[in-house]
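# Breakdown of the fold
Here's the letter readout for the chains.
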Amino acid sequence: MKEDSSYLIKYTSSGLYCELADTWIDPIKPVKRALITHAHMDHFTFGCDEYISTYETAAIIKERIGKEINIKTYDYEKEFKINGIKISFHPSGHILGSSQIKFSLAEEIWLITGDFKRQKDETCKEYEIVKTDYLISESTFGLPIFKWDEPQKTASDITKWVNSSQEKTSILFCYSLGKAQRILNEISKTNFINNIYTHSSIYRMNNCYKKLGIDIIETKKLEQTKNNYDLKGSLIILPPALNKSSYLKNFKDIQTGFASGWMSIRALRRRSGYDKGFSISDHADWIAILNTIKESKAKNVFFHHGDSEALNKYLKEKNSINVLEFEFKK
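For the structure given in this document, a descriptive report is provided here. (Residues numbered from 1 in each chain as written. Predicted model: local features only at pLDDT ≥ 70, side-chain atom pairs only at ≥ 80, totals over all residues. Heavy atoms only, no water.)

## Details of the overall build of the protein
- On a plain count of helices and strands, the protein comes out with eight helices and 20 strands.
- Taking 2.2 N^0.38 as the reference for a compact globule, 330 residues should give roughly 20 Å; the C-alpha atoms of the protein span a radius of gyration of 21 Å, in line with that estimate.
- Structurally, the protein occupies a C-alpha span of about 65 × 45 × 35 Å along its principal axes.
- For the protein, the residues scored as buried account for 55% of the 330 residues in total.
- Considering only contacts within the protein whose residues lie at least 6 apart along the sequence, 60% involve residues at least 24 apart.
- Carbon and sulfur atoms form 46% of the exposed surface of the protein, whose accessible area is close to 15300 Å². (Helix = DSSP H or I, 4+ residues; strand = E, 2+ residues; numbered from the N terminus. Rg over C-alpha atoms; globule rule 2.2 N^0.38 Å. Buried < 20%, exposed > 50% of the residue type's maximum accessible area, 1.4 Å probe, protein only. Contact = heavy atoms within 4.5 Å. Areas by Shrake-Rupley, 256 points an atom, 1.4 Å probe, with all protein chains shown as cover.)

What follows is the structure in structure tokens.
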């Protein structure tokens, strides 16, 4: 079913757009006014006249880009209006400060999930179930093959991986914001006893989380370490962009791992070039996406950000939900 031009939320060349509020959601180009679901840089665009987000998201963005921006903040569930459209942020469970965004006009409700997850994560607020008429859901891992283990199991696997190779330096690659802090929180509950070193980008985000009231275990800043032999038996956490031979030459006797939901696919693990893959994601898996749709009570669903073909087919076979496609608007 194609989108009707009268729908409240449209898809444009700059991203999702609410015309009545003259507001974009996570735009991919500079616009007049942008609602930001969370602080990952693929959801943030430089050059917008005004940004609106949660307080935590604004604090993290300012920490990351290192300059002043015109950003207005609202607490979760605090309703505000733009051109008569009621808008509010609700926890999405993705990373600290991440939000779903609810739009209300008369009796009609729209909900944009943004990136979200349903697993427990002590480093951010839990996903909030919000009832809606229209749901725009992410579908990054929208295939039945994706089913996440409990994060404590993954953390235990990482600990065993490091502990069983005391003669090596264990290097774990994961995203600097959200994933690294979550992994550190989960590792703190295991019997991990060795030193943990983090790249400066991760170390900075850890401190930002702490300032925002999240308890993150202490790590050593990698750049302050002079002797490679001090790293033997330790865990080093690096951003994925540094998985290149020129950088890894700085270390001796290493084993490498990657923490990502994509590591649940065996073929990808084999082709990745990492010694070990750990499946852990800050996105919803197949069952979590379906449960979220069901709990939202939405009768109309769009998918955004990801592979939605399998989800479309599954939901259409159920005949209880209209699966819609955005009609592109310039």
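Having put the structure on the table, let's press on.
## Side note on the pairing of strand E15 (residues 235-238)
- Every second residue of E15 is oriented toward a common face, with Leu235 and Ile237 on one face and Ile236 and Leu238 on the other, all of them buried.
- Both strand E12 (residues 169-173) and E15 contribute to a ladder of four bridges, which runs parallel. Residue pairing for E15: Ser170 is matched across the bridge by Leu235.
- Relative to E15, strand E13 (residues 196-198) runs parallel, the two being bridged by three bridges. Paired with Thr198 across the bridge in E15 is Ile237. (Pairing = 2+ DSSP bridges.)

## A short note on the environment of Ser234
- Positionally, Ser234 belongs in the loop between strand E14 (220-221) and E15.
- For Ser234, a relative accessible area of 3% puts it in the buried group.
- On a C-alpha basis, the gap between Ser234 and Cys124 in space is 27 Å, while along the polypeptide they are 110 residues apart.

## Some remarks on helix H7 (residues 286-296)
- Among all positions of H7, only Trp286, Ala288, Ile289, Leu290, Thr292, Ile293 and Ser296 are buried.
- Here the buried face of H7 lies against strand E11 (134-139), strand E18 (300-306) and helix H8 (309-318).
- Two residues or fewer after H7 comes Lys297, characterised by a positive phi angle close to 65 degrees.

## Considering the pattern of salt bridges
- Following the criterion strictly, the structure yields 15 salt bridges and no others.
- Across the salt bridge formed by Arg204 and Glu63, the nearest N and O atoms sit 3.7 Å from each other. Of this pair, Arg204 sits in helix H4 (residues 200-211) while Glu63 sits in helix H1 (residues 55-65), and the two are 141 residues apart along the sequence.
- Relative accessible area serves as the criterion here: at 35%, Arg204 is assigned to the partly exposed category.
- On the accessibility criterion, Glu63 (28% relative accessible area) is partly exposed.
- The salt bridge partner of Lys189 is Glu122, with a shortest N-O separation of 3.3 Å. Within this pair, whereas Lys189 is found in the loop between helix H3 (179-187) and E13, its partner Glu122 is found in the loop between strand E10 (108-112) and E11, the two being separated by 67 residues in sequence.
- A relative accessible area of 39% means that Lys189 is categorised as partly exposed.
- Each of Lys117, Asp121, Arg182 and Asp282 takes part in one network of salt bridges that share partners. (Salt bridge = Lys/Arg side-chain N within 4 Å of Asp/Glu carboxyl O.)

## Here we look at the state of the cysteines
- A complete count under the given rule lists zero disulfides for this structure.
- Cys208 provides the cysteine sulfur closest to Cys124, a residue in no disulfide bond, and the two sulfurs are 14 Å apart.
- Taking relative accessible area as the criterion, Cys124 reaches 11% and is therefore assigned buried. (Disulfide = S-S within 2.5 Å.)

## Brief notes about the sheet that holds strand E8 (residues 85-91)
- Ordered by their spatial adjacency, seven strands build an open sheet running E7-E8-E9-E10-E11-E18-E19, and the pairing between neighbours is mixed. A single partner strand is all that each edge strand has here, and the edge strands are strand E7 (80-82) and strand E19 (322-323).
- Of the pairings in the sheet, the one linking strand E9 (residues 99-105) to E10 comprises five bridges and is antiparallel in character. What sits directly across from Lys102, in E10, is Leu111.
- Packed onto the sheet, H7 meets E11 and E18 and runs at close to 170 degrees relative to E11. (Axes fitted to C-alpha atoms, helices over the stretch in contact; angles between N-to-C directions.)

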